[in-house]
Amino acid sequence: AAQTGAVAVARHAQPYEIKAGEAPPPPPATWEGPNYGGAEGESNGIMSILALVKEDIEADIAKADSDEQEAQSSFEKEKGELEASITAAEATISQYEGEQATQDQTVVDKTGERATETTALEGTMKQIEALKPGCDYFLVNYIARAHKRQVEMDGLRKAKAILQGGKFA
């Protein structure tokens with residue numbers, strides 16, 4: 001006869017074999033000795049276990065409260081330090097922005113001064129360019145004028161000598 005899996009498992013689970021029509025073997029003894037005292041230590045055992053569980057829970061709650069207070073104080077300390085750091089950083093930023101505004105104003109002022117100086121320089125250069133033909137005239141005509149001046153001076157000396165009674169041939 002083929003057995004299914006469930007029947008085979010059930011068969012192996014029983015330590016003894018039951019035959020059809022026979023009574024099962026007697027159950028094993030539950031206690032030894034004729035005086036059964038009952039469950040004497042169990043109520044203390046359960047109560048002590050529950051007391052231990054209660055103490056553990058109370059200890060966990062106390063530890064959690066302590067940790068929470070420690071975390072809160074640490075948080076407050078960190079928060080204060082960060083707020084002080086933020087305030088210092090904002091003050092530094094404000095200072096740098098003031099310095100930047102000052103430097104920007106200096107740039108604007110220097111640009112204006114440069115424009116003024118450039119205008120003055122251009123005016124001076126125009127005056128120099130206007131005077132240049134006169135300078136070029138003296139530079140180009142100097143030798144001819146020096147020669148004419150020498151001739152004129154010789155003529156004046158000769159005229160003076162004639163007036164003083166000198167004779168020239």
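First, a word on scope: everything that follows refers to the structure included in this document. Please read all numbers here as calculations on a predicted model, not as lab measurements.

### Quick word on the overall build of the chain
Per the secondary structure count, the chain includes two helices and zero strands. Burial statistics for the chain: of 169 residues in total, 0% are counted as buried. Here the chain displays about 15700 Å² of accessible surface, and carbon together with sulfur accounts for 60% of that area.

### Notes on the pattern of salt bridges
Considering all chains together, one arrives at five salt bridges under this definition. In this structure, Lys110 and Glu113 form a salt bridge, with 4.0 Å as the shortest nitrogen-oxygen distance. Within this pair, Lys110 and its partner Glu113 are both found in helix 2 (residues 42-163), separated by three residues, close to a single helical turn. Taking the shortest distance from any N to any O, the salt bridge between Arg149 and Glu152 comes out at 3.6 Å. Of this pair, Arg149 and Glu152 both sit in helix 2, separated by three residues, roughly a single helical turn. Residue classification places Arg149 among the partly exposed positions, given a relative accessible area of 46%.

### Observations regarding a nonpolar patch on the surface
Residues Ile46, Met47, Ile49, Leu50, Val53, Ile57 and Ile61 make up a contiguous nonpolar surface patch of roughly 670 Å² in combined accessible area. On the secondary structure map, Ile49 appears in helix 2.

Parameters and conventions
- Residues numbered from 1 in each chain as written.
- Predicted model: local features only at pLDDT ≥ 70, side-chain atom pairs only at ≥ 80, totals over all residues.
- Heavy atoms only, no water.
- Helix = DSSP H or I, 4+ residues; strand = E, 2+ residues; numbered from the N terminus.
- Buried < 20%, exposed > 50% of the residue type's maximum accessible area, 1.4 Å probe, protein only.
- Areas by Shrake-Rupley, 256 points an atom, 1.4 Å probe, with all protein chains shown as cover.
- Salt bridge = Lys/Arg side-chain N within 4 Å of Asp/Glu carboxyl O.
- Patch = residues over 30% accessible without salt bridge, like charges linked within 9 Å, V, L, I, M, F, W, Y side chains within 5 Å.

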